[in-house]
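# Summary of structural features
For reference, the chains in residue letters:
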Amino acid sequence: MPDAPIHDPREQGTLLTLDRALQLPRIAIEACQPTLDEGRFAAKTIAGQPVIVDAKIFADGHDKLGACIAWRADDEAEWHRVPLAELGNDAWQGRFTPIRVCRHHFVVEAWWDLFESYRYELSKKHAAGVSIDLEIEEGRAHLMRVFGFAQGQARDVISGLLDKFGTAPDQTARVAVLLSDEAAQAMAEADEKKHLVRSNVFPLEVERTQSQFASWYELFPRSQTDDPARHGTFNDVIGQLPRIRDMGFDVLYFPPIHPIGRAHRKGPNNSLFAGPDDPGSPYAIGSAEGGHEAIHPQLGSREDFRELVAAAAEHGLEIALDFAIQCSQDHPWLKEHPGWFAWRPDGTIRYAENPPKKYQDIVNVDFYAEDAMPDLWIALRDVVAGWVEEGVKIFRVDNPHTKPLPFWEWLIADIRHKHPEVLFLAEAFTKPAMMARLGKAGFNQSYTYFTWRTTKDELTSYYTELNQPPLRDCYRPNFFVNTPDINPVFLHESGRAGFLIRAALATMGSGLWGMYSGFELCESAPIPGKEEYLDSEKYQLRPRDYTAPGNISAEIAQLNRIRRQNPALQTHLGFQAYTAWNDNIFYFGKRTADRSNFILVAVCLDPFNAQEAHFELPLWELGLPDHADTHGEDLMTGHRWTWHGKNQWMRIEPWHQPFGIWRISAN
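All figures in this text were calculated on a predicted structure; none of them were measured in a lab.

## What about the overall build of the protein?
Of the regular secondary structure elements, the protein holds 17 helices and 30 strands. With the principal axes as the frame, the protein shows a C-alpha extent of 100 × 70 × 50 Å. Per-residue burial over the protein gives 53% buried out of 667 residues. For the protein, contacts bridging at least 24 residues in sequence account for 73% of all contacts bridging at least 6. Counting every atom, the protein has about 29,900 Å² of accessible surface; 51% of that belongs to carbon and sulfur. In the protein, the 67 positive side-chain charges and the 92 negative ones have mean positions that sit 1 Å from each other.

The following block contains the structure:
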């Protein structure tokens, strides 16, 4: 009777034959990290930062295994290799540090380590005092075997080991040669790696620092004017650059700067009727002057834009543009490519809707219309590529979750293949799975739920979730405190203290944060009952006096300065909630992996009342006993002191400063 076939679940329902089973490896490599969906998507990291690789590696029996990480950049032919160390319980870990901004790949390799298995058995028998004459000869045979194919320095070392072995005066001396670290290192370097097994090859997107650490400032160029009757220009924005730089921002982001359609133009407060001088919404892109590739004539010329990009760079600022894939009803594409849009049975265009809201000034393209594939996709890619050629390396993408995921995966990969320094921010307020998938598809960072996390429990849960896989490896949160679309309820009545609370939570919670102009002036007047600004700048010019009394520009500048000076604050990772016995005080730490930079943050979540709490210093994380002394420094004021012991007490008065930021050290 023939042998029964063995079912292997990896074969997805097929049957594994005995012949195939005999060929399968005995070494198992499982649970490799950092990976996303078993390598379907690339995990993210930053150039110059170590990548920690974890895996479970095991086999039958008690023989010793060797393992390493093999990695290379996308354009390299040769693999680099670094060893994995066994941590116990089949867990292995190693690290490598990519230094170039581009796609990389890594793979975990494992093999039977014949010499290490031999050394393990020899050491046990030698310690037990049993006869090891045959084992000694076996050791010499191992050295001779590897010497036969070893090369370079390893061959020279093994030759020397054979000489020492041959001249050793006794068995003890020969054992010492075989068990020496010198022998272990040389034999491992020359090992032919018998029965080598490899994991899947996993992609890794290595990005520039600004993917993880940047401070964004958003403004409407058209509002940079001192006269509500005069449209602002790019030259006016240049005048604002020193102020924005001095607040500590390094990314200056504009809503769409393209020509604005006149058909169905919106008036103030989203009115359906615009006057002859109303500027309309910049998201109604396109007019007779051009579409997504063009510049609104009232903002200036293309040369003016280039001068702005250059001036911003001189101030340490990058320009980020909005990429909004929507068109006004005057966009040239409607006449040139009507097949790219959806039309109603009566021949009218299907405009955008989000019931009960209607956006008659906006129409959407149809990505899968017969006439749109692939021409529309290529045209949109060319829009992005054109602005990259103008020096724009950062794009905030409007509502990417309403566009096809395959389109984003292709477009971002295509752009970054030629320009790996280009970054994409997803403005996606949608379900968690979609937000994570956009990160997997290639977006470098994303808007978040931070805006609506206001209680201690909500903040603790959300910050913790962002530090755990899979979000840790695919999703970089950009904590915008407000946007032109979102006037958070928390800010409506909380006054200056409320704005400082949200600024502290954002700047300390993530390496990426952003604010829309007016936040520094504590602007909060809403449309009654809505999270929208009254007299929204989306529909009218809004000149501002940025030196108005009550502004928090100095505090924002100091928060950004603290971020730049403390590596622990330059990422959302490294967060740990700590104990403070008051639900109105959110108390947490941000620390580097080696604890050399350790920041404690306490934020009063009540903007109206003083709050007090006993709290714990995390002395255990510094390797200190509960009675130890530690040094503290207030990073907002520069005040320094010594803490005695683990249990401490705080009082926060929000009318003075609703948060504390302290650097702690053991010496």
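There's plenty left to go through after this.
## Brief notes about the packing of helix α3 (residues 133-147) against helix α4 (residues 152-167)
Interhelical geometry of α3 versus α4 gives an angle of 150 degrees and a closest axis separation of 9 Å. It follows from the interaxial angle that α3 and α4 lie roughly antiparallel. You can see that α3 and α4 cross each other, and the crossing is left-handed. Note on element contacts: α4 touches α3 through Arg155, Ile158, Ser159, Leu161, Leu162 and Phe165, opposite Ile136, Arg140, Leu143, Met144, Val146 and Phe147. When its residues are assigned to classes, the contact of α3 with α4 shows nine nonpolar, one polar and two charged.

## What about the sheet that holds strand β21 (residues 478-480)?
On the basis of which strands lie adjacent, the open sheet formed by eight strands has the order β20-β19-β18-β15-β14-β13-β22-β21 and parallel pairing. Every other strand in the sheet has two partners, leaving β20 (445-446) and β21 as the edge strands with one partner each. On the sheet, helix α11 (residues 405-418) packs against β15 (318-323), β18 (394-398) and β19 (423-427) and is oriented at approximately 155 degrees with respect to β19.

## Some points on α4
In this model, α4 (16 residues) spans 23 Å end to end at C-alpha, consistent with the 22 Å of a helix rising 1.5 Å per residue. Residues Ala154, Ile158, Leu161, Leu162 and Phe165 constitute the buried set of α4. Taken down its axis, α4 places every buried residue within 100 degrees of arc, on the same side. Seen from the open side of α4, the exposed residues pointing more than 90 degrees away from its buried face are Gln153, Asp156, Asp163 and Thr167. Where α4 is buried, its residues contact α3, α5 (171-178) and α6 (181-190).

## Considerations on the packing of helix α2 (residues 114-128) against α6
Interaxial distance between α2 and α6 falls to 9 Å at its minimum, and their mutual angle equals 155 degrees. Judged by the angle between their axes, α2 and α6 are roughly antiparallel. Seen from α2, the contacting residues are Phe115, Glu116 and Arg119; seen from α6, they are Ala183, Ala184 and Met187. In terms of residue class, the contact of α2 with α6 is built from four nonpolar, no polar and two charged.

## Structural notes on the environment of His62
Relative to the elements of secondary structure, His62 occurs in the loop between β5 (51-59) and β6 (65-73). Overall, the relative accessible area of 72% leaves His62 in the exposed class. Remark: the alpha-carbon pair of His62 and Tyr462, spanning 400 residues in sequence, is separated by 43 Å.

## Details of the UniProt feature "binding site: alpha-maltose 1-phosphate" (unreviewed entry) in the protein
Per the UniProt entry, the sites bearing "binding site: alpha-maltose 1-phosphate" (unreviewed entry) are Lys266, Gln326, Asp361, Asn399, Lys538 and Tyr539 in this numbering. Mapped onto the secondary structure, Gln326 falls in the loop between β15 and α9 (332-336). With relative accessibility at 7%, the residue Gln326 sits in the buried group. Not counting residues up to four positions away in its chain, the partners in contact with Gln326 are Tyr283, Ile285, His292, Ile362, Val363, Asn364 and Asp398. One polar contact links the side chain of Gln326 to the main-chain carbonyl oxygen of Tyr283, over a distance of 3.1 Å. The topology assignment puts Lys538 in the loop between β22 (512-516) and α17 (553-565). Residue Lys538 is classed as buried on the basis of its relative accessible area, which comes to 14%.

## Regarding the sheet that holds strand β9 (residues 91-96)
In space, the four strands of this open sheet follow the order β3-β5-β9-β8, with antiparallel pairing throughout. The sheet is open, and its two borders are formed by β3 (27-33) and β8 (85-88), each paired with just one other strand. With direction set aside, neighbouring strand axes in the sheet form an average angle of 30 degrees. As defined by bridge partners, β3 adjoins β5 across five bridges and the pair is classed as antiparallel. In the strand pairing of β5, Ile29 is matched with Ile57.

## A look at the domain arrangement of the protein
On domain assignment, one finds that the protein holds domain 1 (16-113 + 203-207), domain 2 (119-190), domain 3 (209-325 + 377-567) and domain 4 (575-666). For domain 1 and domain 4, the distance between their C-alpha centres works out to 39 Å.

## A closer look at the side chain of Thr448
Structurally, Thr448 is set in the loop between β20 and α13 (456-466). You can call Thr448 buried: its relative accessible area is 2%. Non-local contacts of Thr448, meaning those with residues more than four positions away in its chain, are made with Phe429, Met435, Tyr462, Tyr475, Pro477, Asn478 and Phe479.

## A few points about the UniProt feature "site: Transition state stabilizer" (unreviewed entry) in the protein
Residues annotated by UniProt as "site: Transition state stabilizer" (unreviewed entry) correspond here to Asp485. The topology assignment puts Asp485 in the loop between β21 and α15 (489-492). The exposure class of Asp485 is partly exposed, given its relative accessible area of 31%. Residue contacts for Asp485: discarding those within four places in its chain leaves Arg396, Glu427, Glu531, Glu532 and Lys538.

## A look at the pattern of salt bridges
Under the definition given, this model contains 44 salt bridges. Ionic pairing is found between Glu109 and Arg198, a salt bridge with its closest N-O pair at 3.0 Å. You can see Glu109 sitting in strand β10 (residues 102-112) and its partner Arg198 sitting in strand β11 (residues 194-198), a full 89 residues away along the chain. A relative accessible area of 2% places Glu109 in the buried class.

## Some thoughts on the side chain of Asn582
The residue Asn582 is located in the loop between β23 (575-577) and β24 (585-591) in this model. For Asn582, a relative accessible area of 13% translates into the label buried. Looking at Asn582, its side chain comes within polar contact range of the main-chain nitrogen of Asn584, at 2.7 Å. Engagement of the side chain of Asn582 in a polar contact is seen with the backbone oxygen of Glu612, the distance being 2.7 Å. Residues in contact with Asn582, not counting those within four places in the same chain, are Lys456, Gln611, Glu612 and Ala613.

Criteria and thresholds
Residues numbered from 1 in each chain as written. Predicted model: local features only at pLDDT ≥ 70, side-chain atom pairs only at ≥ 80, totals over all residues. Heavy atoms only, no water. Helix = DSSP H or I, 4+ residues; strand = E, 2+ residues; numbered from the N terminus. Buried < 20%, exposed > 50% of the residue type's maximum accessible area, 1.4 Å probe, protein only. Contact = heavy atoms within 4.5 Å. Areas by Shrake-Rupley, 256 points an atom, 1.4 Å probe, with all protein chains shown as cover. Lys, Arg positive; Asp, Glu negative; His and termini not counted. Charge placed at Lys NZ, Arg CZ, Asp CG, Glu CD. Axes fitted to C-alpha atoms, helices over the stretch in contact; angles between N-to-C directions. Parallel < 35°, antiparallel > 145°, perpendicular 65-115°, else oblique. Left-handed = near helix turned anticlockwise from the far one by under 90°. Nonpolar A, V, L, I, M, F, W, Y, C, P; charged D, E, K, R; others polar. Pairing = 2+ DSSP bridges. Expected span 1.5 Å × (residues − 1). Arc of directions from axis to C-beta. UniProt positions renumbered as here; feature names shortened; annotations may be inferred. Polar contact = N/O pair within 3.5 Å; in protein donor to acceptor, adjacent residues only side chain to side chain. Domains from an automatic or database assignment. Salt bridge = Lys/Arg side-chain N within 4 Å of Asp/Glu carboxyl O.

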